[in-house]
Amino acid sequence: MLKILDAVFVTTATRPDQYPREPVPEVAFVGRSNVGKSSMINTLVNRNKLVRVSHTPGRTRTLNFFDATFESQARRRVVRLCDLPGYGFAKVSKTERVQWQAMIAGYLEERQTLKVVVSIIDAEVGPTPDDLNMLDFLQSTPPKILVVATKLDRLSKAHRKPRVIELAKRLEVPLEAVVGFSSVERIGVQDVWSRVMATVDAR
Ligand code: GDP
């Protein structure tokens, strides 16, 4: 059982020279805007408003870094979370979109301390073409991928597990690489953390 002790905002960045420098293992969160990414991060760190839950999709245009301190097996440890801008938001100019893509790709390809990328998919909607593009891109980068299917509460209990299995098949990833999640019902919190920590601890 992993227990979150503290979570703090570290910094905002748009360029590599602004990324935090200390070598802390990092987990990045990607997903289309409005998928529930901010809510997921807040739920994972047990804080209501660490990350602002937006009512206007597509507003986060920077990389936002947070440090989560937790206790696991009587050890106190820190993991850094990086919240990436949501993709797939239509109302942005092409220039802006190209800039974001370069920023996101640069980070995902080059960040040495990045151990795992959490790719967030809407469990009810399923993977969109943008999600599939992002997953394709992630396959070409060094960090491991964990797929988290959120808003699972929107499905009836009987449909939840089958949907997670279906998603793993559809994405052609092992079932262990997909976790069902809900910020509303707090489903999957320990599962996400234990899989994230397994990749952080893997050599
Ligand atoms: P982001 O744009 O990806 O950061 O998404 P937000 O966290 O801001 O959430 C977008 C919308 O989805 C908000 O209206 C949230 O209340 C809602 N939402 C987020 N997570 C869940 C969830 O697990 N279940 C349900 N039913 N709604 C959620």
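Note that the structure is a prediction, hence the values are computed from the model and not measured.

A. Quick peek at the pattern of salt bridges. This structure, assessed with the given rule, holds twelve salt bridges. Ionic pairing is found between aspartate 83 and lysine 37, a salt bridge with its closest N-O pair at 2.5 Å. Residue aspartate 83 is found in strand E4 (residues 75–83), and its partner lysine 37 is found in helix H1 (residues 37–44); the two are separated by 46 residues along the sequence. Here the two residues aspartate 83 and lysine 37 agree in accessibility, since each one is buried. In this structure, arginine 154 and glutamate 124 form a salt bridge, with 3.7 Å as the shortest nitrogen-oxygen distance. Residue arginine 154 is found in the loop between strand E6 (144–150) and helix H4 (157–171), and its partner glutamate 124 is found in the loop between strand E5 (114–122) and helix H3 (129–139); the two are separated by 30 residues along the sequence. Residue arginine 154 is classed as partly exposed on the basis of its relative accessible area of 49%.

B. Structural detail: the site of the ligand. Taken together, 16 residues sit near the ligand, with Lys37, Ser38, Ser39, Asp153 and Ser183 positioned nearest. Between an oxygen atom of the ligand and a main-chain N or O atom of lysine 37, the distance comes to 2.8 Å. One of the backbone N or O atoms of serine 183 is found 2.8 Å from an oxygen atom in the ligand. Coverage of the ligand by the protein chains reaches 81% of its 580 Å² of free accessible surface.

C. Geometry of the sheet that holds strand E7 (residues 178–180). Overall, mixed pairing links the seven strands, which are arranged E1-E3-E4-E2-E5-E6-E7 in an open sheet. Across the chains shown, the open sheet's two edge strands, defined by having one partner strand only, are strand E1 (2–13) and E7. Adjacent strand axes in the sheet meet at a mean angle of 25 degrees when their direction is disregarded.

D. Main features of the nonpolar core. Among the nonpolar cores identified, the biggest contains 30 residues, and Phe29, Leu81, Val118, Trp193 and Val196 are the most heavily contacted of them. Mapped onto this core, the elements with two or more residues apiece are E1, strand E2 (26–31), H1, strand E3 (63–72), E4, E5, E6 and helix H5 (189–201). Take this core: its biggest share by element is six residues, from H5. Leave out the neighbours within four places in its chain, and valine 118 touches Val27, Ala28, Phe29, Val30, Met40, Leu146, Val148 and Val196. Within the second largest apolar cluster, 29 residues are counted, among which are Ala13, Ile121, Met134 and Leu167.

Cut-offs used in this document
Residues numbered from 1 in each chain as written. Predicted model: local features only at pLDDT ≥ 70, side-chain atom pairs only at ≥ 80, totals over all residues. Heavy atoms only, no water. Salt bridge = Lys/Arg side-chain N within 4 Å of Asp/Glu carboxyl O. Helix = DSSP H or I, 4+ residues; strand = E, 2+ residues; numbered from the N terminus. Buried < 20%, exposed > 50% of the residue type's maximum accessible area, 1.4 Å probe, protein only. Near = heavy atom within 4 Å. Polar contact = N/O pair within 3.5 Å; in protein donor to acceptor, adjacent residues only side chain to side chain. Areas by Shrake-Rupley, 256 points an atom, 1.4 Å probe, with all protein chains shown as cover. Pairing = 2+ DSSP bridges. Axes fitted to C-alpha atoms, helices over the stretch in contact; angles between N-to-C directions. Core = buried A, V, L, I, M, F, W, Y, C linked by side-chain atoms within 4.5 Å. Contact = heavy atoms within 4.5 Å.

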